[in-house]
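Chain by chain, the residues run as shown.
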Amino acid sequence: MATMQYNFKKITHVPTAKDFVDVVLSRTQRQTPTVVHRGYAITRIRQFYMRKVKFTQTSWNEKISRILEDFPRVDDIHPFYSDLLNVLYDKDHYKLALGQLNTAKNIIDKVAKDYVKLLKYGDTLYRCKQLKRAALGRMCTIMKKHGASLAYLEQVRQHMSRLPSIDPNTRTILVCGYPNVGKSSFMNKVTRADVEVQPYAFTTKSIYVGHTDYKYLRWQVLDTPGILDRPLEERNTIEMQSITALAHLRAVVLYIVDASEQCGYTIKQQAELFHSIKPLFANKPLVIAINKVDQRRLEDLKPEDAALIAGMRAALRGPQALQLGEEEELPCMSTLSEEGVMEVKRVCCDKLLAARVEQKLASRRAGEVLNRLHVAHPKPRDAVSRPAVIPHSVAVNRVKKASGDLKIVTEKELQDANGGAGVYSTDFRKNYMLDDDDWKYDIVPEIFNGKNIADFIDPEIDERLAELEREEDELEEKWSAERADAGMEAEEEMEEGEKEMLHEVRSRRANLVNEHRRKKSAGNNTPTMPRTADAERRTTTARMKESLGAMGIDPSLAIARARDRSQVREGRKRARSLAGDADAEMDDGEGGEGDEEKKKHSSKSRSVSVARRTDRADKSPGAGLKNEEERMRAQKMSDKAQRKMNKRAKIGEADRTIITKMPKHLFSGKRGIGKTDRR
């Protein structure tokens, strides 16, 4: 049988009968048409219901076939797994459940075939519908009758998914013996497994698998439940798992004996169990290990107990195992102190490797391979002796090394002696093979655009730079000293009026710089003097008159212009009444010129619900736009930009309102095939 590893975790889930029916009928409803009318042609009506029956039958067939294919067939798998399934689940019950599902699948196929034949003769919509209901009802009834088989198979699937993944044909160490003799402790020591260990019997209730390495090979270690010395028919399910593993796995058997008898069983009982299950060791390497020698040594045993162990050792010389030499002792160990554990592992692995090699050599295939091999034996061509030539330097170094005169210092030792990793840097140049050793540490030329960079480097550049820096420092110190002296002299010579004038000039210069920066940042796109630029209200006509007068300039025109452009800031009602009175006076004085007033913005003629932005706009001159025409043009551009938002029912760019949360065309009607995967 080919080497394979069974993975029972991939077996598909087996639903209950009710869930099975719901899944299949729901799938039929979702993936077949659902609308049929009385006015359709009878052939179309028949085809509508025949499609539903066939689709349901196909769904049942696919799902049941998947279950039958995933579950292993008892007759097709390894005998170890076959007997293990028989011990755990009862082979007959397991086969019966799978057979019932297979029968149900065939019956459903036959029912669908019969009702499709009847639907071909349906003469009305009502009769076709009733035939479809009867077909689907019979299929569901058939599956409901097999609810017990489905529930049993689901329990078996869950239990099988928890079974360890055992390869029956790989290198295996099988640990067996009485309960609580140290089997699980040995497995925890030699593998990476973590099997529960407790001071009472039958802590291990199933087979556990661990893996270890020996001679660059992967080994499988099986920890079996404890076995009691009683007839086979009286053994329970836990013990039968160990018996099944011993009977079918090609492994080295490690039988552990508790020399201290702390497990609750005497050496006599352990020897009787060994002889009772000895037929299971046939054609397998066998190792007997004495455990718990930290409590009781093999030499301290009573004569009768030593004779029993000698009797078990004599069984190792039978044809069922490789023979031990007379000089070899029984391996002893203590899983508590780990004394001798690795030695027991080595003995088991060596015996299994020797047995596997002997078995392969005894097979027919080994002979076929040997017949294809040809070993060539070279023959001397003459009588001339041609000994191996060893260079003189190598021979000298060998002699020095043997005498201790030659000591090779490794890079690791140099690294440890010079600060360790991260501090020491390996010198790769010391091993360069050059004509002259003085060349090892020469600077390697760097070529750029075909020219050597070293030719353009001034060797005295560092000294010259240092000299320049010193001169620069001296000049800075000299200039600072001169500036300090000049400042002190200027302050001493200036009078009070000159100091005030100097302060005024500096302040004005700072204001000019700030004004320039403000205009530059604003892009010269703001009014000449916004109110925010003069929060302290220092820019007044009085100050302007005083400043221009001091310069000898007549400020009257500038003051008049500023007062003409100033705005009247009054209450809202007063402003409207004044505007109304002014309009009335214009009508009386100019007689009819009011009839040719400029048209208001078009938004005034709209519905009341639309905001009239024209009336709310600031019409005063100097508000950022040159005249009324520019203001109207800007308003029209704003309205045009808003049209796109209006079409989407948005107030502006920041409007994130979703008016219809669930559009009907997206959330109503029948879902198409493959649009959902909720089941």
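Quick caveat: nothing in here was measured; it's all calculated off a predicted structure. (Residues numbered from 1 in each chain as written. Predicted model: local features only at pLDDT ≥ 70, side-chain atom pairs only at ≥ 80, totals over all residues. Heavy atoms only, no water.)

Our next topic: the sheet that holds strand S2 (residues 208-214). By definition, the strands of a sheet pair up through backbone hydrogen bonds, in either a parallel or an antiparallel sense. Judged by pairing direction, the sheet is mixed, and its five strands sit side by side in the order S2-S3-S1-S4-S5 without closing on themselves. In this open sheet, the two strands that pair with only one neighbour each are S2 and strand S5 (286-291). Strand-to-strand, the axes of this sheet are offset by a mean angle of 25°, without reference to chain direction. Bridge count between S2 and strand S3 (residues 217-223): seven bridges; the pairing is antiparallel. (Pairing = 2+ DSSP bridges. Helix = DSSP H or I, 4+ residues; strand = E, 2+ residues; numbered from the N terminus. Axes fitted to C-alpha atoms, helices over the stretch in contact; angles between N-to-C directions.)

We now examine the nonpolar core. Within soluble globular proteins, side chains that are nonpolar tend to cluster in buried spots. Among the nonpolar cores identified, the biggest contains 108 residues, and Trp60, Phe71, Met143, Ile173, Phe186, Leu254 and Tyr255 are the most heavily contacted of them. Looking at which element gives the most residues to this core, the answer is helix H4 (residues 91-119), with 11 residues. With residues up to four places along the chain from it excluded, the contact list for tryptophan 60 reads Phe20, Val21, Val24, Ile108, Met139, Cys140 and Met143. (Core = buried A, V, L, I, M, F, W, Y, C linked by side-chain atoms within 4.5 Å. Buried < 20%, exposed > 50% of the residue type's maximum accessible area, 1.4 Å probe, protein only. Contact = heavy atoms within 4.5 Å.)

We now examine a nonpolar patch on the surface. Taken together, the side chains of Phe428, Tyr432, Leu434 and Trp439 make up a nonpolar region of the molecular surface, amounting to roughly 470 Å² of accessible area. Among the secondary structure elements, tryptophan 439 is positioned in the loop between helix H14 (411-417) and strand S6 (447-448). (Patch = residues over 30% accessible without salt bridge, like charges linked within 9 Å, V, L, I, M, F, W, Y side chains within 5 Å. Areas by Shrake-Rupley, 256 points an atom, 1.4 Å probe, with all protein chains shown as cover. Salt bridge = Lys/Arg side-chain N within 4 Å of Asp/Glu carboxyl O.)

Under the definition given, this model contains 20 salt bridges. Aspartate 350 is paired through a salt bridge with arginine 346; the nearest N and O atoms lie 3.0 Å apart. A residue pair is termed a helical-turn pair when its members lie 3 or 4 positions apart in one helix, as aspartate 350 and arginine 346 do in helix H11 (residues 341-362) at four residues. Take aspartate 350: its relative accessible area is 25%, and that puts it in the partly exposed class. Linked through salt bridges whose partners overlap, the residues forming this network are Lys215, Glu343, Arg346 and Asp350.

With that out of the way, let us pick up a negative patch on the surface. There is a patch of like negative charges on the surface, built from Glu469, Glu471, Glu472, Asp473, Glu474, Glu476 and Glu477. Considering the arrangement of structural elements, one finds aspartate 473 in helix H15 (residues 461-493). Accessibility expressed as a relative area gives 42% for aspartate 473, which makes it partly exposed. (Lys, Arg positive; Asp, Glu negative; His and termini not counted. Charge placed at Lys NZ, Arg CZ, Asp CG, Glu CD.)

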